[in-house]
Amino acid sequence: MTERIVTMLSAEQIKCRVNELGAQIAAEYKDRNLVLVVVLKGSFVFAADLCRAIDSHLRIDFLGVRSYGEGTESSGVVQIIQDLSRPIAGEDVIIVEDIVDTGLTIAHLMDLFRTRNPKSVKVCSLLYKPARARVAVNVDFVGFTIEDKFVVGYGLDFAEKYRNLPYIGVVERT
Ligand code: 5GP
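Described below are features of the structure shown in this document. (Residues numbered from 1 in each chain as written. Predicted model: local features only at pLDDT ≥ 70, side-chain atom pairs only at ≥ 80, totals over all residues. Heavy atoms only, no water.)

1. Points about helix α2 (residues 44-52)
- Within α2 the residues assigned to the buried category are V45, F46, A47, L50 and C51.
- Contacts from the buried residues of α2 go to α1 (11-28), β2 (34-40), β3 (59-66), β5 (92-100) and β6 (120-128). (Buried < 20%, exposed > 50% of the residue type's maximum accessible area, 1.4 Å probe, protein only. Helix = DSSP H or I, 4+ residues; strand = E, 2+ residues; numbered from the N terminus. Contact = heavy atoms within 4.5 Å.)

2. Re the side chain of D92
- Looking at the secondary structure, you find D92 in strand β5.
- Of the polar contacts made by the side chain of D92, one reaches the side chain of R32; its length is 3.1 Å.
- Discounting chain neighbours no more than four positions away, the residues touching D92 are Y29, R32, N33, L34, V35, K119 and S120. (Polar contact = N/O pair within 3.5 Å; in protein donor to acceptor, adjacent residues only side chain to side chain.)

3. Side note on the environment of Q13
- Topologically, Q13 is positioned in helix α1.
- Residues Q13 and A27 lie 14 residues apart in sequence; the distance between their C-alpha atoms is 22 Å.
- In this structure the side chain of Q13 is engaged in a polar contact, spanning 2.8 Å, whose partner is the backbone nitrogen of S10.

4. Remarks on the nonpolar core
- The biggest cluster of nonpolar side chains holds 30 residues, and the ones touching the most others in it are I25, F46, L50, I94, L127 and I168.
- Every residue in contact with I168, bar those within four places of it in the chain, is listed here: V6, T7, M8, L9, I14, L126, L127, V151, V152, G153, Y154 and L156.
- Listed in part, the 19 residues of the second largest apolar core include V37, L63, I88 and I95. (Core = buried A, V, L, I, M, F, W, Y, C linked by side-chain atoms within 4.5 Å.)

5. Section: the sheet that holds β5
- The strand order β4-β3-β2-β5-β6-β7 describes an open sheet built from six strands, whose pairing is mixed. Among the strands making up the open sheet, the edge pair consists of β4 (79-82) and β7 (141-145). Recorded for the sheet is a direction-independent mean angle of 30° between the axes of neighbouring strands.
- The sheet contact formed by β2 and β3 spans six bridges and is parallel. Paired with L40 across the bridge in β3 is G64.
- Each of β2, β5, β6 and β7 touches α1; the most contacted strand, β7, lies at about 160° to it. (Pairing = 2+ DSSP bridges. Axes fitted to C-alpha atoms, helices over the stretch in contact; angles between N-to-C directions.)

6. A few points about the packing of aromatic side chains
- For the structure shown, the criterion picks out one aromatic pair.
- Taking the centre distance of 6.0 Å and the plane angle of 75° together, the rings of F150 and F158 count as edge-to-face.
- Residue classification places F150 among the partly exposed positions, given a relative accessible area of 26%.
- According to the relative accessible area criterion, F158 is buried, its value standing at 15%.
- Taking the ring centre of Y29 as reference, the NZ or CZ of R32 above it sits at 4.4 Å. (Phe/Tyr/Trp six-rings, centres within 6.5 Å; stacked < 30°, edge-to-face > 60°. Lys NZ or Arg CZ within 6 Å of the ring centre and 35° of its normal.)

7. What about the site of the ligand?
- Close contacts around the ligand come from 18 residues, with D98, T102, T105, V151 and D157 the closest.
- One of the backbone nitrogen or oxygen atoms of G103 is found 2.9 Å away from an oxygen atom of the ligand.
- Contact between the ligand and T105: an oxygen atom at 2.5 Å from a side-chain N or O atom of the residue.
- Taking 510 Å² as the accessible area of the ligand by itself, protein coverage stands at 93%.
- Looking at the shell around the ligand, the elements that each hand over two or more residues are β5 and α3 (104-114).
- Of the residues assigned to the shell around the ligand, the class counts are seven nonpolar, five polar and six charged. (Near = heavy atom within 4 Å. Areas by Shrake-Rupley, 256 points an atom, 1.4 Å probe, with all protein chains shown as cover. Nonpolar A, V, L, I, M, F, W, Y, C, P; charged D, E, K, R; others polar.)

In structure tokens:
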């Protein structure tokens with residue numbers, strides 16, 4: 001069986017949208033204590049581009065979570081495998097996600113972060129798949145709303161492959 005990737009969002013489309021999101025965040029968070037919390041591993045490419053599109057002071061921290069195994073179905077179990085390096089009390093947090101699918105990961109992270117007394121917590125996700133939502137979550141900044149397809153590239157993997165693709169696509173097997 002061979003795999004091929006059918007492009008869903010080109011590198012150029014992603015770049016334009018990420019720049020727009022960055023400008024929107026910079027305008028909203030001007031003169032505030034912004035912390036971007038990057039949810040690893042899938043968000044690392046998006047976050048690297050997004051932070052450079054935000055023309056204002058910010059701090060970056062990383063959170064390692066595991067919500068998927070080697071397959072494509074959510075287990076519903078969110079495990080923190082690497083916590084933040086510093087407290088977020090009194091700070092304006094944006095959680096940077098690659099994709100909100102069932103919403104279970106983000107719902108769990110919102111609950112966790114609220115116990116740490118930040119000034120505010122919002123969510124910025126490059127992709128949003130509303131068809132798969134299992135819990136109601138508010139995604140404050142959305143790059144693209146997409147249909148119910150399993151996507152890879154631009155940080156997103158399938159069994160750890162394809163994270164380095166500069167575009168986002170759907171895996172097709174023939
Ligand atoms: P949720 O908890 O919202 O179901 O899923 C969140 C995580 O599941 C994402 O951060 C991502 O790691 C993974 N995920 C969900 N949908 C996809 C997809 O279409 N492609 C890939 N590669 N990962 C996905």
